[in-house]
Amino acid sequence: RSPVASPQALEDQYSPSRWSPRLDRDTIIDAHLAVTAAGGDRGAPGEGLRSVPRPRAPPPPPAGTERARASAQTLLHVPYGSGDGEKLDIYFPTDPSETFPVLVYIHGGYWQCLSKDDSGFAAPPLVSQGVAVVAVGYDIAPKGGCCPAEAAAACVAQCPPTLPFVPCPGHMDAMVLQVRRSLVFLVERYPRIRGIYLCGHSAGAHLAAMVLSTDWTEFQVVPDIKGTVLVSGVYDLEPILHTYVNDVLNMSREVAQRNSPMRHVTPAVAAACEVLVAVAQHDSPEFRRQSQEYSQALRAAGWSVSLLDLAGVDHFDVIEKLSEDSYVLTQVGRRAVPRR
């Protein structure tokens, strides 16, 4: 449980822009979007995200994504389901072998902004080394306005018992399910894949961690997940229930508990993947606590887990620097993912 008691203190702890020494809180959000943001349904700018964005023409891809799309063979907007957000961007290796590993990148944005179109910046260092990169899209939370906790409960009550309840797009349950289904799609559609490596940032790290607790029997496919890199994630959702983050998510306590990786750490099996939990020096104390406690919980359950404390970076450039060959996390990722 979070040691932070007062609502205002929680607001501060779960406002990543308040903790960066580089830039003020408004400027750093704009700077982050300039590096990563592009087209489509990315949500409103900034992390305060209290309103649904007005329709607008998609801006051009940022330099990082544009370079990635120009330097690799790509398949963009590949549907893995029927939902608006259920699409993938696939960056194939520059010189692919008969089979190749895949890094699946899950974007952050507090489950309510950014998109797969903001994720191409991380691809070039890997595709040049024979690794495919897949950026996962999912329906972000502004669409979940139809599903506040009370309405969702009413929907469940009205649903015939013979039919499964399917939450609205943007509901936390739906986002977790979409990411799981995206991996099933990849396994079934691309038999040349030799091992899947997950990487998620912030909310994306939460979603990647939820993948680790999946019971794959209901999907009738078991993805061969070889490794997972979780960067500055949130692994216990209860502390954010009474912060601005939940204004759009509309999570109940039950939903938060059901979708908190800390509450669903499963005992490691022989084939369990290695997990790297990374956290920024200038993440807030709460983000740092969550990373430390989740890595400890995994280790206690028998997982092979490492905790990497990255010096000199904050919640934003800890992931932005993945486009740099010399960045320590880029190098760690390269060593973790075999090229051939």
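Residue positions are given per chain, counted from 1 along the sequence in the order it is written. This being a predicted model, a pLDDT of at least 70 is required before a residue's local features are given, and a value of 80 or more before pairs of side-chain atoms are given or counted; all residues contribute to the totals for chains, interfaces and linings. The basis for every side-chain value is the complete set of non-hydrogen atoms in the structure, without hydrogens or water.

Caption draft 1: Here's a closer look at the overall build of the protein chain. Secondary structure elements follow DSSP: runs of H or I of four or more residues count as helices, runs of E of two or more count as strands, with numbering from the N terminus. Counting its secondary structure elements, the protein chain contains twelve helices and eight strands. Looking at the 340 residues of the protein chain, the share that counts as buried comes to 56%. Only heavy atoms matter for contacts: two residues are in contact if any of them lie within 4.5 Å across the pair. When contacts within the protein chain are restricted to residue pairs at least 6 apart in sequence, long-range pairs at least 24 apart make up 76% of them. Surface exposure of the protein chain reaches about 14,500 Å², of which carbon and sulfur atoms provide 54%. Buried, partly exposed and exposed residues are distinguished by accessible area as a fraction of the type maximum, computed with a 1.4 Å probe on protein chains only: under 20%, between the cut-offs, and over 50%, respectively. Only the protein chains shown count as covering a residue, and every accessible area follows the Shrake-Rupley method with a 1.4 Å probe.

Caption draft 2: View of the sheet that holds strand E5 (residues 193-201). What the eight strands build is an open sheet, ordered E1-E2-E4-E3-E5-E6-E7-E8; its pairing is mixed. Only two strands of the sheet have a single partner each, and these edge strands are strand E1 (73-79) and strand E8 (305-310). Across the sheet, the mean angle from the axis of one strand to that of its neighbour is 15°, orientation sign disregarded. Of the strand pairs in this sheet, strand E3 (residues 100-106) and strand E4 (residues 132-136) are connected by five bridges, and their pairing is parallel. Across the sheet, residue Leu 103 finds its bridge partner in E4, namely Val 133. Here an axis means a line fitted to C-alpha atoms, over the contact stretch when the element is a helix, while the angle between two N-to-C directions is reported on a 0 to 180 degree scale. Sheet contacts for helix H6 (residues 172-189): E1, strand E2 (87-92), E3, E4, E5 and strand E6 (225-231); angle to E5, the most-contacted strand, approximately 160°. Running at roughly 160° to E8, helix H12 (residues 328-336) makes contact with E5, E6, strand E7 (274-280) and E8 of the sheet. Pairing between strands is defined by DSSP: at least two bridges between them are needed.

Caption draft 3: Here's a closer look at the side chain of His 201. For His 201, the position within the fold is in strand E5. Here the side chain of His 201 touches His 315 through a polar contact of 2.8 Å, landing on its backbone oxygen. Distance and chemistry together define a polar contact, namely a pair of N or O atoms within 3.5 Å, with one atom able to donate a hydrogen and the other to accept it when in protein, and with adjacent residues in sequence counting only for side-chain atoms on both sides.

Caption draft 4: Examining unusual backbone geometry more closely. The backbone of His 77 shows a phi angle near 60°, a positive value even though the residue is not glycine. Inspection of the secondary structure assignment puts His 77 in strand E1.

Caption draft 5: Quick look at the nonpolar core. Core analysis: the biggest nonpolar cluster contains 64 residues, and Val 104 and Trp 111 have the highest contact counts within it. In contact with Trp 111, other than residues within four places in its own chain, are Ile 140, Ala 141, Met 172, Met 175, Ala 203, His 206, Leu 207, Val 234, Leu 237, Ile 240, Val 245 and Leu 249. Grouped together as the second largest cluster of nonpolar side chains are 28 residues, Ala 72, Cys 199, Ile 319 and Leu 329 included. Buried Ala, Val, Leu, Ile, Met, Phe, Trp, Tyr and Cys residues that are joined via side-chain atoms within 4.5 Å together make up what is termed a nonpolar core.

Caption draft 6: Structural context of the pairing of E2. Taking burial as the measure, the six residues of E2 include five buried ones, the bulk of the element. For E1 and E2, the ladder comprises five bridges, and the chain directions are antiparallel. Bridge assignment links Thr 74 to a residue of E2, and that residue is Tyr 91. In the sheet, E2 pairs with E4 via four bridges, with the strands oriented antiparallel. Looking at the pairing, Asp 89 lines up with Ala 135 of E4.

Caption draft 7: A look at the packing of H6 against helix H7 (residues 203-212). Two numbers describe how H6 lies on H7: the axes approach to 10 Å, and their chain directions differ by 65°. By the angle between their directions, the pair H6 and H7 is classed as roughly perpendicular. Relative to H7, H6 is oriented so that their crossing is right-handed. Contacts between H6 and H7 involve Met 172, Met 175, Val 176, Val 179, Arg 180 and Leu 183 from the former and His 206, Leu 207, Met 210 and Val 211 from the latter. Among the residues making up the contact of H6 with H7, the classes are represented as eight nonpolar, one polar and one charged. Between 65 and 115 degrees an angle is taken as roughly perpendicular, under 35 as roughly parallel, over 145 as roughly antiparallel, and anywhere else as oblique. Crossings are classed by handedness, with left-handed meaning an anticlockwise turn of the near helix from the far one by less than a right angle and right-handed meaning a clockwise turn. Classification used: nonpolar for Ala, Val, Leu, Ile, Met, Phe, Trp, Tyr, Cys and Pro, charged for Asp, Glu, Lys and Arg, polar for all others including Gly.

Caption draft 8: Broad picture of the pairing of E8. Sheet topology note: the E7/E8 ladder contains six bridges and is parallel. Bridge pairing in E8 links Val 279 to Asp 309. We call a crossover right-handed when, viewed with both strands directed away from the observer, the connection leading from the first strand over the helix to the second proceeds clockwise. For the segment spanning E7, helix H10 (residues 285-300) and E8, crossover handedness is right-handed.

Caption draft 9: Expanded view of the confidence of the model for the protein chain. With 84% of its residues at a pLDDT of at least 70, the protein chain reaches an overall mean of 85. pLDDT measures the predictor's confidence residue by residue and takes values from 0 up to 100. With pLDDT under 50 throughout, residues 38-58 is counted as low confidence; its partners more than four residues away or in other chains account for 59 contacts. A low-confidence stretch, residues 144-164 (pLDDT under 50), is modelled with 20 contacts involving residues beyond four sequence positions or located in other chains.

Caption draft 10: Quick look at H12. Inspection of H12 places Leu 329, Thr 330, Val 332 and Gly 333 among the buried residues, and these make up the whole buried set. For H12, the arc enclosing every buried residue in end-on projection is 165°, short of the 170-degree limit, so these residues lie on one face. In this structure, the buried side of H12 is in contact with helix H4 (124-127), E6, E7, E8 and helix H11 (317-320). Comment: arc refers to directions from the helix axis out to C-beta atoms.

Caption draft 11: Local environment of the packing of aromatic side chains. Aromatic pairs are defined between Phe, Tyr and Trp rings, using the six-membered ring for Trp, whenever the two ring centres lie within 6.5 Å; interplanar angles under 30 degrees are classed as stacked, those over 60 as edge-to-face, and all others as tilted. As enumerated under the stated definition, the model contains eight aromatic pairs in all. When the centroid spacing of 6.2 Å and the interplanar angle of 80° are considered together, the rings of Tyr 105 and Phe 121 count as edge-to-face. You can see Tyr 105 sitting in strand E3 and its partner Phe 121 sitting in the loop between E3 and H4, a full 16 residues away along the chain. Since its relative accessible area comes to 3%, Tyr 105 is described here as buried. On the basis of relative accessible area, Phe 121 is assigned to the buried category, the value being 3%. An angle of 75° between the planes, with centres 6.3 Å apart, marks the rings of Tyr 110 and Tyr 244 as edge-to-face. On the criterion of sequence distance, the pair formed by Tyr 110 in the loop between E3 and H4 and Tyr 244 in the loop between E6 and helix H8 (246-249) is long-range, its members being 134 residues apart. Assessed through its relative accessible area of 5%, Tyr 110 is described here as buried. A connected cluster of aromatic rings, assembled from ring pairs, spans Phe 92, Phe 100 and Tyr 190.

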